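The chain contents come next:
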Amino acid sequence: MTALPKASALPAASRDEDAALVRRIVGGDVAAFEHLMRLHNRRLYRLARATLRDDAEAEDALQEAYLAAHRALGAFRGESALATWLSRLVTNECLDRLRKQARRHNIFPIGSLDAEIEPEIAMDDSRQTEAPDKALVRAQMRALLERKLDTLPQAFRSVFVLRVVEELSVEETAQSLGIPEATVRSRHFRARSLMREALAQDIDLAERDLYEFGGAHCDRVVAAVLAVLARLATPTGTVPGGR
């Protein structure tokens, strides 16, 4: 297993806050552990979901990682940020699950996250309340992005989520995943390229249906026109101006 980075540049304030929180948890403070989970839940879930491509499996992996963290926090020395340490636990749990899945399906087990993987070929909801139609469009767009992201190789998905969705720096992403910064940059670039290509294909198909007029749209206009003509009809059943 790849050793955790030293993270010597971690600000003293952050180290002190992490250390204080860990001491409370190790001392049996359940509320402190709940605070830790709520503080890191979104980022860690997104990392698990990007790795496993399954909502329920990601939740299970996150729970197991938290339990492992609770057991191991007594040995936490603060050599890396607590968030980085937790990210590595989640990553290890997810990779272990992928290896088990691979063995069950009699295919080659997934290699280390450090290994280069050949390419195969999300959004904060805390925004102000929107009109229902805009909220629907946003939900549909988010679902589309999630489907496209799920088609990327696992190593690319993890980097994409941390860099783009969680907006971590290259250094933070490298520490969280235990890979070189150069690898983060290359995978991020490749992931964005693959996403653009996939979305461009959908856009090309959608362009053919722009301003589509048929079905309910057609029926509605026809019915409206006929209704107007009926109102304008003379007592004899003729339309003014008709022959």
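Novice: When you look at the packing of aromatic side chains in this model, what are you seeing that I'm missing?
Specialist: When we look at a pair of aromatic rings, we describe it by the centre distance and by the angle of the planes. Considering all chains together, one arrives at two aromatic pairs under this definition. For the pair Phe33 and Tyr66, a centre-to-centre distance of 6.3 Å together with 80° between the ring planes defines the contact as edge-to-face. Of this pair, Phe33 sits in helix α2 (residues 30–52) while Tyr66 sits in helix α3 (residues 55–72), placing them 33 residues apart in sequence. The exposure classification of Phe33 matches that of Tyr66, with both residues buried.

Novice: What exactly am I supposed to notice about the pattern of salt bridges here?
Specialist: Between side chains of opposite charge, a pair can form when the charged atoms approach closely. Per the stated rule, a full pass over the model turns up eleven salt bridges. Between Arg24 and Asp29 there is a salt bridge; the shortest N-O distance is 3.2 Å. Here Arg24 falls in the partly exposed class, since its relative accessible area comes to 43%. Here Arg42 ties to Glu166 by a salt bridge, and the two come within 3.7 Å at their closest N and O atoms. Residues participating in the shared-partner salt-bridge network are Arg42, Arg43, Arg46 and Glu166.

Novice: Can you walk me through unusual backbone geometry in this structure?
Specialist: Trans peptide bonds make up most of the peptide bonds, and negative phi angles are found at most residues other than glycine. Notably, Arg53 is not glycine yet its phi reads approximately 60°, a positive angle. For Arg53, the location among the structural elements is in the loop between α2 and α3. Backbone geometry places Glu167, a non-glycine residue, at a positive phi of 60°. Its location among the elements puts Glu167 in the loop between α6 (154–165) and α7 (170–177). A relative accessible area of 66% places Glu167 in the exposed class.

Novice: Would you explain α3 in this entry?
Specialist: In an α-helix, one turn spans 3.6 residues; hence positions three or four apart end up facing the same way. Under the 1.5 Å per step criterion, the end-to-end length of α3 is 26 Å for 18 residues, consistent within 8% with the ideal 26 Å. Those residues of α3 that sit buried are Ala58, Ala61, Leu62, Ala65, Tyr66 and Ala69. Buried residues along α3 cover an arc of 140° about the axis, so they all sit on one side. Where α3 begins, the capping side chain belongs to Asp54, and its oxygen is found 3.1 Å from the backbone nitrogen of Ala56.

Novice: What should I look at first to understand a nonpolar patch on the surface in this one?
Specialist: A grouping of Val221, Val222, Val225, Leu226 and Leu229 is seen on the molecular surface, where their side chains present a nonpolar patch of about 400 Å² in accessible area. One can find Val225 in helix α9 (residues 216–232). On the accessibility criterion, Val225 (44% relative accessible area) is partly exposed.

Novice: What's the story with a negative patch on the surface in this structure? I'm lost.
Specialist: Residues Asp54, Glu59, Asp60 and Glu64 make up a contiguous surface patch of negative charge. Tracing the sequence through the fold places Glu64 in helix α3. Assessed through its relative accessible area of 35%, Glu64 is described here as partly exposed.

Novice: Could you clarify how one ought to interpret the side chain of Thr51 in this entry?
Specialist: Tracing the backbone through its elements, the reader meets Thr51 in helix α2. Polar contacts involving the side chain of Thr51 include one to the main-chain carbonyl oxygen of Leu47, which spans 2.8 Å.

Novice: What is the right way to read the packing of α6 against α7 from this model?
Specialist: The contact between α6 and α7 brings their axes to 10 Å, and the two run at 140°. Accordingly, the angle class assigned to the pair α6 and α7 is oblique. When you trace α6 past α7, the crossing you get is right-handed. For the pair α6 and α7, the contacting residues are Ser158, Val159, Leu162 and Arg163 in the first and Val170, Thr173, Ser176 and Leu177 in the second. Its residues placed into classes, the contact of α6 with α7 shows four nonpolar, three polar and one charged.

Novice: Can you walk me through the nonpolar core in this structure?
Specialist: Proteins that are soluble and globular tend to have nonpolar side chains buried together. In this structure, Ile25, Leu36, Leu73, Leu82, Trp85, Leu86 and Val90 are the most contacted members of the largest nonpolar core, which totals 33 residues. Those elements that place two or more of their residues in this core are α1 (12–26), α2, α3, α4 (82–104), α6 and α7. Setting aside anything within four residues of it in sequence, one finds Ile25 in contact with Ala32, Phe33, Leu36, His70 and Leu73. Among the nonpolar cores identified, the runner-up in size contains ten residues, and Ala50, Leu149, Leu152 and Leu194 belong to it.

Conventions used here
- Residues numbered from 1 in each chain as written.
- Predicted model: local features only at pLDDT ≥ 70, side-chain atom pairs only at ≥ 80, totals over all residues.
- Heavy atoms only, no water.
- Phe/Tyr/Trp six-rings, centres within 6.5 Å; stacked < 30°, edge-to-face > 60°.
- Helix = DSSP H or I, 4+ residues; strand = E, 2+ residues; numbered from the N terminus.
- Buried < 20%, exposed > 50% of the residue type's maximum accessible area, 1.4 Å probe, protein only.
- Salt bridge = Lys/Arg side-chain N within 4 Å of Asp/Glu carboxyl O.
- Expected span 1.5 Å × (residues − 1).
- Arc of directions from axis to C-beta.
- Polar contact = N/O pair within 3.5 Å; in protein donor to acceptor, adjacent residues only side chain to side chain.
- Patch = residues over 30% accessible without salt bridge, like charges linked within 9 Å, V, L, I, M, F, W, Y side chains within 5 Å.
- Areas by Shrake-Rupley, 256 points an atom, 1.4 Å probe, with all protein chains shown as cover.
- Lys, Arg positive; Asp, Glu negative; His and termini not counted.
- Charge placed at Lys NZ, Arg CZ, Asp CG, Glu CD.
- Axes fitted to C-alpha atoms, helices over the stretch in contact; angles between N-to-C directions.
- Parallel < 35°, antiparallel > 145°, perpendicular 65-115°, else oblique.
- Left-handed = near helix turned anticlockwise from the far one by under 90°.
- Contact = heavy atoms within 4.5 Å.
- Nonpolar A, V, L, I, M, F, W, Y, C, P; charged D, E, K, R; others polar.
- Core = buried A, V, L, I, M, F, W, Y, C linked by side-chain atoms within 4.5 Å.

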